[in-house]
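# Chain and residue survey
Okay, here's what each chain looks like letter by letter:
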There are 2 protein chains.
Amino acid sequence: MTEADLGADPEADLIARRARLMGPNVPTFYRAPVEIVRGEGVWLWDASGRRYLDCYNNVAHVGHCHPHVVAAIARQAGLLATHTRYLHRGVLDYLERLMATFGHGIAQGIMVCTGSEANDVALRMAQAATGRRGIIATDATYHGNTTAVHALSARRTPVGGHPDHIRFVPAPDGLAPAGGSAAAEAQRLGAAVAAAAADLEAAGHGVAALILCPVFANEGLPAVPRGHLDAAVAAVRGAGGLVIADEVQPGFGRTGSHFWAHDRLGLAPDIVTLGKPMGNGYPVAAVLARPGPMAAFRERTGYFNTFGGNPVAAAAAAAVLDVIEAEGLMAHAARVGAETLARLQALRHPWLRQVRAEGLFFALEFRDEAGAPAGEFVARLVEAMVARGVLLNRVGAGGQILKIRPPMPFGSEHAEILARALAEALAATPPRP
Amino acid sequence: MTEADLGADPEADLIARRARLMGPNVPTFYRAPVEIVRGEGVWLWDASGRRYLDCYNNVAHVGHCHPHVVAAIARQAGLLATHTRYLHRGVLDYLERLMATFGHGIAQGIMVCTGSEANDVALRMAQAATGRRGIIATDATYHGNTTAVHALSARRTPVGGHPDHIRFVPAPDGLAPAGGSAAAEAQRLGAAVAAAAADLEAAGHGVAALILCPVFANEGLPAVPRGHLDAAVAAVRGAGGLVIADEVQPGFGRTGSHFWAHDRLGLAPDIVTLGKPMGNGYPVAAVLARPGPMAAFRERTGYFNTFGGNPVAAAAAAAVLDVIEAEGLMAHAARVGAETLARLQALRHPWLRQVRAEGLFFALEFRDEAGAPAGEFVARLVEAMVARGVLLNRVGAGGQILKIRPPMPFGSEHAEILARALAEALAATPPRP
């Protein structure tokens, strides 16, 4: 060991290497990013051997490195890893099984690699089915990173400006029903969508689709009762448009009550997109649809995705369904979700305005005495939690919402650790720096 | 076994299931699609146990199910499969090693999942770096399947029409130099690019980039000598645009002479995209660039890709580099490529107009007596090869070019099998049906 080595901070070295090899502004979590080297269940370990409770990562849906999924990947990778231009039973068996979880006419699928690719296809599918271009999205959402899908993020302006065929409507606000009624909120959303649709018609684009996440995950999980979206959906359908449900975050049983979050709302989307949790880390995603939009898209584009639906992707995704079923993870999410919610609701802090949950997905919204988003406070709270060995993060336009979305095997004992750490962190973090 | 089972054709059943579960017009290879169930090296087996020589799949770059890559995937999938928002040495070690294969200032990378995602990022990177939108591509190319990238395929019109900021130039024609001189062809291409650039300027878009595959794989591998693109590149650079080299097909040593095909041309792209062969089937791809365009893109978009560069993707990609080095696959491609080319050049057929090669990548162009593309004949030739247990395919605007692009461990013994089967198939396939 040299003198330089003795003084070197390995984490600082990794950060410098990242900047050198990946460029500036590469997003990391946390002020002092952690070097994670191992995962198992709901636990992650850093390079120094320190263990963290993972309360954030939904990609590892059935738990980090679940042995059943790892074995399925290893077995199929050693047998065949081609593409869907040859016939293979794996992708068909998987799609058949997946379709059985859907009602309301969703019957066909395209396998892709990422949620971004899925949403990119979904937008074109709606356009092909309607012959119109216009897309309506909420104003604080994120549906992915391709050019077409990233244009749905209101915050960043593409070179040449936002495409003219996109309109934004205000997302449901988790706190607004406290001021008005839920019914008034639903009417407000419906009126906003109707106005956006009329505007798209006037601009000559017409309406192809309304796209939304059925739990509004990036908007901070506002409480949206069943029927809340009916007026919005009626406005889109009245203009001849389709409904796209982005299930990338809430899907695969996370909400506890339903395998797909749109079913909880009584929403019957024409197109559904899946992503992150689908392969427990293996890059696999999908677009599912009614036969009409699917045929229109297939006809229009002749779409093919080299890695999408390859035998290993299908095996990984099938293994995830196996584990969800064998371990009863949806019922587990309902039970532990309710238990965790009760623990979180018992927390006391003057700025904690609302605790919201959908199964194993939680949002704690913080506002200061004046009602302003307490983003800076929540940022320090997140760091205080990391220091206590609990990984989570924040969301919301002002970053004022603590986002908790653990792997599904998250159990009562983990809920207890989380709640205790949060109580400590809340007590130890001054409202202002 | 029931009576229905006795009469059932399992392949027909799979085709019907595909149509039911995936919709119509899902692309397959071959009139009677094969059900492939196992792969090893350059061999694939169908469900009946029949063995096929794979002369087409470049995804399985170091050979189907290479044990070193499979082991790397299995090991890392069992250890950790998160994302790059935590620090991890795997992705940095890989990028460092990959960058060492590049000259001319390519020094930083973004890991993504597919070649389509890579090209989608590359276009925006050029736009962010130049502040301009215009993209110039060749008129018979394919760079991927996202909305933005698919718009570079001249054959399909998106809903609402082709974006106004794209211009197509005629690709180099493999047979044209026979009519004129290579120098005249190069000047023609340069003039076409200059005209496209002027047109983009006049339309107010300006020029962001020229994107091309440095072996023009989808155009049928026209013979493009070193320096051939100089005039085209000068025209783009003169307009302030960048050059994007799409190395998805020719990269990772396939051409035998150079690890990256753009180096063979003396081309110094600002941005390079990688895909298919990178993980030997694991969905991993990348965008590499000079620091300037990278910083402009990172600043503009805050790009993050959930699965891109995850520890398993990095391990798979690193294992592919291991095998390329350990088995000397680039030198092997040069040696066996030359040997195979000689065998293919010895084939005789009145319609076989030209045999072209770049290492282990071959194109055989067929034209009838009148010089018209013999696409229908080549389609039957492909089927005759499948019947002889050799998998390959065709390309070119008229489908008149036999495309041969085997996994890299393709050896002399396989070249002999290929050439013998081709001689037989040529003799057995009548020019007209």
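From a predicted model like this one, the values you see are computed outputs, not experimental measurements. (Residues numbered from 1 in each chain as written. Chains lettered and ligands numbered in written order. Predicted model: local features only at pLDDT ≥ 70, side-chain atom pairs only at ≥ 80, totals over all residues.)

### What to know about the overall build of chain A
- A tally of helices and strands in chain A yields 15 helices and 15 strands.
- For chain A, whose C-alpha radius of gyration is 22 Å, the value lies close to the compact-globule estimate of 22 Å for 433 residues.
- With the C-alpha coordinates aligned to their principal axes, the bounding extent of chain A is approximately 65 × 60 × 45 Å.
- Residues classed as buried in chain A amount to 59% of the 433 residues present.
- Of all intrachain contacts in chain A linking residues separated by at least 6 positions in sequence, the fraction that spans at least 24 positions is 76%. (Helix = DSSP H or I, 4+ residues; strand = E, 2+ residues; numbered from the N terminus. Rg over C-alpha atoms; globule rule 2.2 N^0.38 Å. Buried ≥ 20, exposed ≤ 12 C-beta atoms within 10 Å, placed from the backbone. Contact = placed C-beta atoms within 7 Å.)

### Remarks on the relation of the copies chain B and chain A
- You can overlay chain B on chain A at an RMSD of 0.0 Å; the transform is a turn of 180 degrees with a shift of 0.0 Å along its axis. On the angle and the small slide along the axis, the relation comes out as a two-fold axis. Residue B:A74, judged by its C-alpha, is the member of chain B lying nearest the rotation axis, at 2.5 Å.
- Most of the interface of chain B is mirrored in chain A, where 100% of its interface residues are also at the interface. (Least-squares fit on C-alpha atoms with pLDDT ≥ 70 in both.)

### A short note on helix 2 (residues 10-22) of chain A
- Over its 13 residues, helix 2 of chain A extends 18 Å from the first C-alpha to the last, a length consistent with the 18 Å expected when each residue adds 1.5 Å.
- At the C-terminal side of helix 2 of chain A, A:G23 shows a positive phi close to 90 degrees. (Expected span 1.5 Å × (residues − 1).)

### Description of the environment of A:A126
Residue and element names in this part refer to chain A.
- In this structure, A126 sits in helix 5 (residues 115-130).
- For A126, a count of 29 C-beta atoms within 10 Å corresponds to the buried category.
- Considering only alpha carbons, one finds A126 and A346, 220 residues apart in sequence, at a separation of 44 Å.
- Leaving out residues up to four positions away in the same chain, A126 has contacts with A208, A209, L242, I244, I271 and P293.

### Brief notes about the environment of A:A47
Residues and elements named next belong to chain A.
- Following the sequence through the fold, A47 ends up in the loop between strand 2 (43-46) and strand 3 (51-54).
- For A47, a count of 16 C-beta atoms within 10 Å corresponds to the partly exposed category.
- For the pair formed by A47 and E383, sequence separation is 336 residues and the distance between their alpha carbons is 18 Å.
- The residues touching A47, leaving out its near neighbours within four places in the chain, are P10, E35 and V37.

### Some words on the domain arrangement of chain A
Residue and element names in this part refer to chain A.
- Structurally, chain A comprises domain 1 (34-62 + 328-428) and domain 2 (67-326).
- A straight line from the C-alpha centre of domain 1 to that of domain 2 covers 25 Å.
- Taken together, the contacts link 24 residues of domain 1 with 26 residues of domain 2.
- Those elements giving two or more residues to the side of domain 1 that touches domain 2 turn out to be helix 13 (329-345), strand 11 (352-357) and strand 12 (362-366).
- For the side of domain 1 that touches domain 2, the element with the highest residue contribution is helix 13, accounting for 5 residues.
- For the side of domain 1 that touches domain 2, the per-class residue count stands at 14 nonpolar, 6 polar and 4 charged. (Domains from an automatic or database assignment. Nonpolar A, V, L, I, M, F, W, Y, C, P; charged D, E, K, R; others polar.)

### A few points about the pairing of strand 7 (residues 207-212) of chain B
Residue and element names in this part refer to chain B.
- Extensive coverage of strand 7 is indicated by the burial of 6 of its 6 residues.
- With 4 bridges joining them, strand 7 and strand 8 (residues 242-246) adopt parallel strand pairing. Across the sheet, L212 pairs through a bridge with A245, a residue of strand 8. (Pairing = 2+ DSSP bridges.)

### Quick word on the sheet that holds strand 11 (residues 352-357) of chain B
All names here are of chain B.
- Overall, antiparallel pairing links the 4 strands, which are arranged 11-12-15-14 in an open sheet. The open sheet is flanked by strand 11 and strand 14 (393-395), the only strands paired with a single partner. In this sheet, adjacent strand axes meet at a mean angle of 30 degrees when their direction is disregarded.
- Pairing geometry for strand 14 and strand 15 (residues 401-404), over 3 bridges, is antiparallel. For R394, the partnering residue across the bridge sits in strand 15 and is L402.
- Where helix 13 (residues 329-345) meets the sheet, its contacts fall on strand 11 and strand 12 (362-366), and the angle it forms with strand 11 comes to roughly 175 degrees.
- Sheet strands touched by helix 14 (residues 375-387): strand 12, strand 14 and strand 15. Its angle to strand 14, the strand with the most contacts, is close to 160 degrees. (Axes fitted to C-alpha atoms, helices over the stretch in contact; angles between N-to-C directions.)

### Let's talk about the pairing of strand 2 of chain A
All names here are of chain A.
- Examined bridge by bridge, strand 1 (residues 36-40) and strand 2 share 4 bridges and lie antiparallel to one another. Each bridged residue has a counterpart across the sheet, and for G39 the counterpart in strand 2 is L44.
- Turn length for the strand 1-strand 2 hairpin, with the two strands adjacent in sequence and antiparallel, is 2 residues, and the turn residue G41 shows positive phi of about 60 degrees.
- Judged from the 3 bridges that link them, strand 2 and strand 3 form a sheet pairing that is antiparallel. Within strand 3, the residue paired with W43 across the bridge is L53.

### Details of the packing of helix 13 of chain B against helix 15 (residues 412-428) of chain B
All names here are of chain B.
- Between helix 13 and helix 15, whose axes approach to 10 Å, the crossing angle comes to 20 degrees. Between helix 13 and helix 15, the angle falls in the class roughly parallel. Handedness of the crossing formed by helix 13 with helix 15: right-handed. Of the residues in helix 15, those in contact with V336, E339, T340, R343 and L344 of helix 13 are S412, A415 and A419.
- Residue composition of the contact of helix 13 with helix 15, grouped by class: 4 nonpolar, 2 polar and 2 charged. (Parallel < 35°, antiparallel > 145°, perpendicular 65-115°, else oblique. Left-handed = near helix turned anticlockwise from the far one by under 90°.)

### Focus on the interface of chain B and chain A
- Chain B puts 80 residues into the contact, and the matching count from chain A is 80 residues.
- Those elements that provide at least two residues to the side of chain B that touches chain A are helix 2 (10-22), strand 1 (36-40), helix 3 (67-77), helix 4 (89-99), strand 4 (108-112), helix 5 (115-130), helix 6 (147-150) and helix 11 (291-301) of chain B.
- Looking at the side of chain B that touches chain A residue by residue, the class counts come to 39 nonpolar, 25 polar and 16 charged.

### Quick look at unusual backbone geometry
- The phi dihedral of A:Y30 is positive, around 75 degrees, even though this residue is not glycine.
- Looking at the secondary structure, you find A:Y30 in the loop between helix 2 and strand 1.

### Examining the nonpolar core
- Counting 297 residues, the largest nonpolar core has A:A316 and B:A316 as the members making the most contacts within it.
- A per-element tally of this core places helix 12 (residues 311-326) of chain B first, with 11 residues.
- Leaving out residues up to four positions away in the same chain, A:A316 has contacts with A:V69, A:A72, A:I73, A:G279, A:N280, A:Y282 and A:V284. (Core = buried A, V, L, I, M, F, W, Y, C linked by C-beta atoms within 7 Å.)

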